[in-house]
Amino acid sequence: MSRFLSLAVSALTLAPAPLLAAPYTYAEFEASVPHIDLETCPEGLAGGDVFCRVSMHNDALHVYVFESGGAQAFVALHSFYEDEFTLQLGQ
């Protein structure tokens with residue numbers, strides 16, 4: 001084998017393989033993100049059999065949407081900045 005071909009094969013062998021990303025699940029989110037459970041998803045955000053959680057960071061609320069069944073995979077993230085929402089607390 002020529003020296004060039006040998007170097008090329010060695011380089012390809014050492015090149016990192018592409019990583020296959022596993023879906024982000026609610027179990028991972030639950031353990032790592034401080035959040036509040038929502039009884040229902042905000043209107044217009046949820047399509048299908050899903051549930052929502054909300055977290056706050058700086059001046060924004062972040063609504064996370066997860067599938068209800070199976071592995072409860074992450075579906076979407078919607079961010080609302082301070083001028084885009086009104087906070088109402090119940091008693």
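Before reading on, note that the structure itself is shown above.
Everything numeric in this text was worked out from a predicted model, so none of it was measured.

So, how was this worked out
Residues numbered from 1 in each chain as written. Predicted model: local features only at pLDDT ≥ 70, side-chain atom pairs only at ≥ 80, totals over all residues. Heavy atoms only, no water. Pairing = 2+ DSSP bridges. Helix = DSSP H or I, 4+ residues; strand = E, 2+ residues; numbered from the N terminus. Polar contact = N/O pair within 3.5 Å; in protein donor to acceptor, adjacent residues only side chain to side chain. Buried < 20%, exposed > 50% of the residue type's maximum accessible area, 1.4 Å probe, protein only.

K.L.:
Give me the lowdown on the sheet that holds strand 1 (residues 36-37), citing residues and values where you can.
P.N.:
Across the sheet, which stays open at both edges, the four strands sit in the order 1-2-3-4 with antiparallel pairing between neighbours. Each end of this open sheet is capped by a strand with a single partner; those strands are strand 1 and strand 4 (74-81). Relative to strand 4, strand 3 (residues 60-67) is paired through seven bridges, and the arrangement is antiparallel. What sits directly across from H62, in strand 4, is S79.

K.L.:
If you had to explain the environment of E28 to someone new, which residues and values would you point to?
P.N.:
When you line up the elements, E28 lands in helix 2 (residues 26-32). Between the alpha carbons of E28 and F74 there is a distance of 9.8 Å; along the sequence they are 46 residues apart. At a separation of 2.8 Å, a polar atom in the side chain of E28 contacts the main-chain amide nitrogen of T25.

K.L.:
Tell me about unusual backbone geometry, and name the residues and values.
P.N.:
Positive phi, normally seen in glycine, also occurs at N58, with a value near 55 degrees. With phi around 55 degrees, Q72 is a residue other than glycine that occupies positive phi space. Mapped onto the elements, Q72 comes out in the loop between strand 3 and strand 4. Owing to a relative accessible area of 27%, Q72 belongs among the partly exposed residues under this scheme.

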